[in-house]
Every structure is written in C-alpha cells, then in structure tokens.
Amino acid sequence: MVPGKHLRINASKTELVIDFSKKSPHITPVNIQGLDTEIVEEYKYLGVHLNNKLDCDKKKFTTWRKLWIYLAKAEKRMEQIPDKVTDVRGVRMPHSCGSKIARIIFVFVKPVLRPAQLTTVGKRACLWLQDLVMDVRNLERARDDLHFRGVKGTTGTQASFLQLFQGEHDKVEELDKMVTEMAGFKKAYLVTGQTYNCKVDIDCLSALAGLGASVHKICTDIHLLASLKEIEEPFEKEQIGSSAMPYKRNPMRAERCCSLARHLIALMADPLQTASVQWLERTLDDSANRRISLPESFLTADIILSTLQNITEGLVVYPKVIERHIRHELPFMATENIIMAIVKAGGNRQECHEKIRVLSQEAAAVVKQEGGDNDLLARIQRDPYFAPILGQLDALLDPKTFIGRAPQQVKTFLAEEVRPLLEPYKANMDVKVELVL
C-alpha cells in the first residue's frame, strides 16, 4: 500500500503498511511526511504472524486447486486423461456421456431459474429426500440425546432426598435411577438446576425448524415447477383453484406448507431467547413461553408433514410439457458437445466457440424478440464450418447423454440411504392422508 494523492497517513500512529503486489520488487522505504517507514521481515499483528514472503501465485485459490489436482490424479489412474492434465494450470474435466437410459422423464436443473442442464424427475425428488433424510437423523439424535431431569429436588442439589435417606448418597442415586427407568428414559441428567437445561429445548426445536426449512424448499420447488406446468400437486374434482379466477389451479397445499413452515422456523427464536435470558438457575419468565412454543412447534410440524405426504401421494408429472421445454432449450445445451466434436474432428476450439456464440445470439434474438422457435440447429446445419460433424448431430442431441449418472445415483441413494432409514418405521407407513380442503 503506497500513499497516493488523496491518502493521508499519520506516520506517528500507523503501525503496519503491507505491499500485496504479486511480484515484489526491491522495496524502498515509504516516506510519509518526511519520515521513512521501517521495513521488517516479520510482524505480529492481532496475534497473527505476518512475513514478507507472501506469494499470491502460490497462495491464491489453494484449496480449489488442490481439489482439481485430486480429481485429475484420480482420473489419470483410471486412464481417462493425459499426463499433462495433472499440471495445476492445465486441470480440466474430461467429457463423459451418460448411459443410454430408455423412458426417462427429464426436468431442467434450473440455477436461479435459468436452464443449465438436464436431470431426471427421480433425481430431483432424491434431492428433496436427502434433506428429509438429514431431518430424520437430526430428529432421532435429538430424541436419543433427551435425558430425564430425574429426582433432583427443588433446585437440583438433591438436598431433600439426601436428608430423607439420612446422608446415604448411594440410596439417593439409586432412587434417581429407578424413577428415571420408570419414566421410560435410559439416562438422567447428572446436574440440573431448578429445571432441566433450556438448551434441551433448543436441540428439539432446531431439529423441527430444520424440517420446516426442508419442507419449505421442497414445496417452493413444486410451486415453481407447477408454474411451468411440469409438475403439479393433486387437485380434487370439486376443488376451487382461485376464488377470483376460475381457470387457475393454485398449488394450495404447497402454499400452506410454506406458510406453516415459516411459522415453524420462527418458533425457533423462542427457546434461543429463553435460554439466553435466564438468571442463574432460572427466572420464571420461561414457563409461559415454553407452554406455547414447544407444543405449537410439534403441532405445526405434524400438520406440515401430513400435508406434504398428501402432496407426494398425488403428485402429477407432465412428460409432454417437459419434452417441449427440452426441445426448446436443448440446442443451447448441446453447444458444448458440438464444440468437442469439432475439436475431435481437427477444428480449433476458440474458433468454433466464436462461431457458436454468434449463431446462438442470433437464435436467441429470434426467440426473444420475434417469439419464434429456437433455430440454432438449423443455423449450424447451414454453416459450412460444421460440415464435418453434421452426421453426428442426432447423437449429440440425444437427451439421454445429458443426464450423466442421475438414474444410477437414484437407485444407489434409495438402496443405501432411504430404505434402511425407513425400516424401523415400516409398521407405521401404511397410513394414507386425506385433507379437508
């Protein structure tokens, strides 16, 4: 950092000036108001040791580069990439095509609602399931970590029981264990105050709030896909989609889940606030809040799950609509495959990239400004530059080559993660939910 025209530094108070340039030349002292700054090789600042060996080329994005090197070395061992790719500056991901899967229904992977790549309906559902799997584990952990307060007396010291048994500590501990087992708990908290620790409530409600976040995300996705007419929640024969517009089919169930999920998430603030403001063992302002927030959280989670179950039992997928969306966007998605085919045929990547960039912009203008169809493929077919690969276009545009291992991932995830998790609950899974709309 060098003082500039509009930068004034108090030389008598400034402790540290660091030069972060990538290539440090010979350093000459900076003169500030007639005083030369001291140049040091090492400096301790806010407990951190700094030195003049900062090398941006080596330190920048270190973790990111390491991960790419790991990927490149692993692929090299599998004979998928040439030796030179292990150079950190040349790391690149090789192209791989998915297996030929018949009868697959596709939906778009839509980061920030912009089409990026294809995936399957099953893969998207598994991403939802993954959130719920984590929620089940969090709920089980919170349940299994729950201990009994036990026989601790008024303020947790067990003084009255020790007096009852005339100072025999063993009998007090035995009484504590007996009552704990009778109450159905495996363990009791070894130390408590007047009540059990308020952080127990935080553990329980955080698991429920996490569930609320998962359900909100799932139902938001369903809402968005419903707006594209790709997926819809069940719709009853006599159901009214909108009281004002009879043609509408609002995703009422998903909207209800989102509304209640926000409430469930907001309830998480109650135990956090309660735990933080207790004085010493306890203040009495906790009980009224807990009598509302705890049961309300469980009741809210219960109705959210019932509604979500009703949605999933009757979820409708529209393959023809999805197919139309794919036809509309696939030419843009296939451009990377086309570039790679040209390169394999001896062409120049940058030159091909520029050709496709220009043609893509022209095709996009037709779609956006004229309301026409995506004619990118027709433009590519008319351009002599792409003559060497015209015979490959059908294969390059096969949607099944864009989904990677999504079907295999779904099968593995269901077999290794979902079904084992559901096994303990098997006896309670034949319950169908019906909602009164």
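Fair warning: this is a prediction, and the values are worked out from it, not measured in the lab.

Asks: What should I look at first to understand the overall build of the chain in this one?
Replies: Looking only at helices and strands, the chain features 15 helices and 8 strands. As displayed, the chain has an accessible area near 29600 Å², and 56% of this comes from carbon and sulfur atoms.

Asks: Would you explain the environment of Ala159 in this entry?
Replies: Structurally, Ala159 can be placed in helix H4 (residues 159–164). Among the residues examined, Ala159 registers a relative accessible area of 47% and is labelled partly exposed. Between the C-alpha atom of Ala159 and that of Val172, which follows or precedes it by 13 residues, the distance is 9.6 Å.

Asks: Sorry, what's going on with the nonpolar core here?
Replies: Core analysis: the largest hydrophobic core is formed by 18 residues, its most contacted members being Val215, Cys219, Cys257, Leu308 and Ile311. Broken down by element, the residue count for this core peaks at 7 residues, all from helix H6 (residues 199–227). Residues within four places of Val215 in sequence aside, it is in contact with Cys257, Ile304 and Leu308. Grouped together as the second largest cluster of nonpolar side chains are 15 residues, Ile338, Ala363, Tyr385 and Phe386 included.

Asks: Could you clarify how one ought to interpret helix H12 (residues 349–369) in this entry?
Replies: An α-helical turn contains 3.6 residues, so any two residues separated by three or four positions project in the same direction. In a regular helix each residue adds 1.5 Å, so 21 residues correspond to 30 Å; H12 covers 29 Å between its end C-alpha atoms and thus fits that length. Of all the residues in H12, the buried ones are Cys352, Ile356, Leu359, Ser360, Ala363, Ala364 and Val366. Down the axis, H12 shows its buried residues gathered within 150 degrees of arc, on one side only. Those residues of H12 that are exposed and angled more than 90 degrees off the buried face are Gln350, Gln361, Lys368 and Gln369. Looking at the buried positions of H12, the neighbouring elements they touch are helix H10 (319–333), helix H11 (335–344) and helix H13 (376–382). A side-chain oxygen of the first residue of H12 lies 3.0 Å from the backbone nitrogen of Gln350; this N-cap is Asn348. Gly371 sits one or two residues past H12 and shows a positive phi near 70 degrees.

Asks: Could you clarify how one ought to interpret unusual backbone geometry in this entry?
Replies: Most peptide bonds adopt trans geometry, and most residues besides glycine take a negative phi value. We note that Gln158 has phi near 65 degrees; this positive angle belongs to a residue other than glycine. As for its position among the elements, Gln158 is in the loop between helix H3 (121–144) and H4. In this structure, Lys229 takes a positive phi of about 65 degrees despite not being glycine.

Asks: Any chance you could explain the packing of aromatic side chains here in plain terms?
Replies: Geometrically, a pair of aromatic rings is defined through the distance of the ring centres and the angle of the planes. For the structure on display, the rule yields 2 aromatic pairs. With a centroid separation of 5.2 Å and 25 degrees between ring planes, the pair formed by Phe148 and Phe185 is classed as stacked. Residue Phe148 is located in the loop between H3 and H4, and its partner Phe185 is located in the loop between helix H5 (169–182) and H6; the two are separated by 37 residues in the primary sequence. By relative accessible area, Phe185 is classed as partly exposed at 26%. Between the aromatic rings of Tyr385 and Phe386, the centroid separation amounts to 5.2 Å while the plane-to-plane angle is 85 degrees, which identifies the pairing as edge-to-face. Both residues of the pair, Tyr385 and Phe386, belong to the buried class.

Asks: Just checking my understanding: could you explain the confidence of the model for the chain for this structure?
Replies: Any region with low pLDDT has predicted coordinates that should not be read closely. In this model, the chain carries an average pLDDT of 78, and 72% of its residues clear a pLDDT of 70 or more. Confidence, expressed as mean pLDDT per element, reaches its minimum in the chain at strand E5 (residues 106–109) with 47 and its maximum at helix H7 (residues 252–267) with 94. Residue range residues 1–5 is modelled with pLDDT below 50. Its contacts to residues more than four positions away, or to other chains, number 8 contacts. This model gives residues 81–108 a pLDDT under 50, and the stretch forms 73 contacts once residues within four places in sequence are excluded.

Asks: Would you explain the pattern of salt bridges in this entry?
Replies: When the charged atoms of two side chains with opposite charge come close together, those side chains can pair. Under the defined criterion, the tally for this structure stands at 15 salt bridges. With a closest N to O distance of 2.9 Å, Lys152 and Asp176 form a salt bridge. Here Lys152, found in the loop between H3 and H4, pairs with Asp176, found in helix H5; they are 24 residues apart in sequence, far enough to count as distant. Put simply, Arg379 and Glu362 hold a salt bridge, and the shortest N to O gap is 3.1 Å. With Arg379 in helix H13 and Glu362 in helix H12, this residue pair connects regions lying 17 residues apart in the sequence. One network of salt bridges, with partners in common, ties together Lys320, Glu323 and Arg327.

Asks: Is there a simple way to explain the packing of H3 against H6 in this structure?
Replies: In a pair of packed helices, the angle between the axes and the distance between the axes together describe the arrangement. At a minimum axis distance of 8 Å, the contact between H3 and H6 shows a crossing angle of 170 degrees. Relative to H6, H3 is oriented roughly antiparallel. Touching Arg124, Trp128, Asp131, Leu132, Asp135, Asn138, Leu139, Arg141 and Ala142 of H3 are Asp203, Cys204, Ala207, Leu208, Gly210, Leu211, Ser214, Lys217, Ile218, Asp221, Ile222 and Leu225, all from H6. Here the contact of H3 with H6 is composed, by residue class, of 11 nonpolar, 3 polar and 7 charged.

Asks: Can you help me understand the environment of Thr300 in this one?
Replies: Counting through the fold element by element, Thr300 comes out in helix H9 (residues 287–313). Given the relative accessible area of 7%, Thr300 is considered buried. Through-space distance from the C-alpha of Thr300 to that of His263 is 8.0 Å; in sequence the pair is 37 residues apart. In contact with Thr300, not counting residues within four places along its chain, are Leu260, His263, Leu264 and Leu267.

Asks: When you look at the packing of H6 against H9 in this model, what are you seeing that I'm missing?
Replies: Interhelical geometry of H6 versus H9 gives an angle of 30 degrees and a closest axis separation of 10 Å. If you check the angle between H6 and H9, you find them roughly parallel. Note that H6 runs across H9; the crossing there is left-handed. In contact with Asp201, Leu205, Leu208, Leu211, Val215, Ile218, Cys219 and Ile222 of H6, H9 contributes Arg290, Ser293, Leu294, Ser297, Phe298, Ala301, Ile304, Leu305, Leu308 and Ile311. Of the residues that constitute the contact of H6 with H9, the class distribution is 14 nonpolar, 2 polar and 2 charged.

Asks: Any chance you could explain the environment of Glu362 here in plain terms?
Replies: Exposure remark for Glu362: the relative accessible area of 35% places this residue in the partly exposed category. Linking Glu362 and Arg379, residues 17 residues apart in sequence, is a C-alpha distance of 9.0 Å.

Conventions used here
- Residues numbered from 1 in each chain as written.
- Predicted model: local features only at pLDDT ≥ 70, side-chain atom pairs only at ≥ 80, totals over all residues.
- Heavy atoms only, no water.
- Helix = DSSP H or I, 4+ residues; strand = E, 2+ residues; numbered from the N terminus.
- Areas by Shrake-Rupley, 256 points an atom, 1.4 Å probe, with all protein chains shown as cover.
- Buried < 20%, exposed > 50% of the residue type's maximum accessible area, 1.4 Å probe, protein only.
- Core = buried A, V, L, I, M, F, W, Y, C linked by side-chain atoms within 4.5 Å.
- Contact = heavy atoms within 4.5 Å.
- Expected span 1.5 Å × (residues − 1).
- Arc of directions from axis to C-beta.
- Polar contact = N/O pair within 3.5 Å; in protein donor to acceptor, adjacent residues only side chain to side chain.
- Phe/Tyr/Trp six-rings, centres within 6.5 Å; stacked < 30°, edge-to-face > 60°.
- pLDDT = per-residue confidence, 0-100.
- Salt bridge = Lys/Arg side-chain N within 4 Å of Asp/Glu carboxyl O.
- Axes fitted to C-alpha atoms, helices over the stretch in contact; angles between N-to-C directions.
- Parallel < 35°, antiparallel > 145°, perpendicular 65-115°, else oblique.
- Nonpolar A, V, L, I, M, F, W, Y, C, P; charged D, E, K, R; others polar.
- Left-handed = near helix turned anticlockwise from the far one by under 90°.

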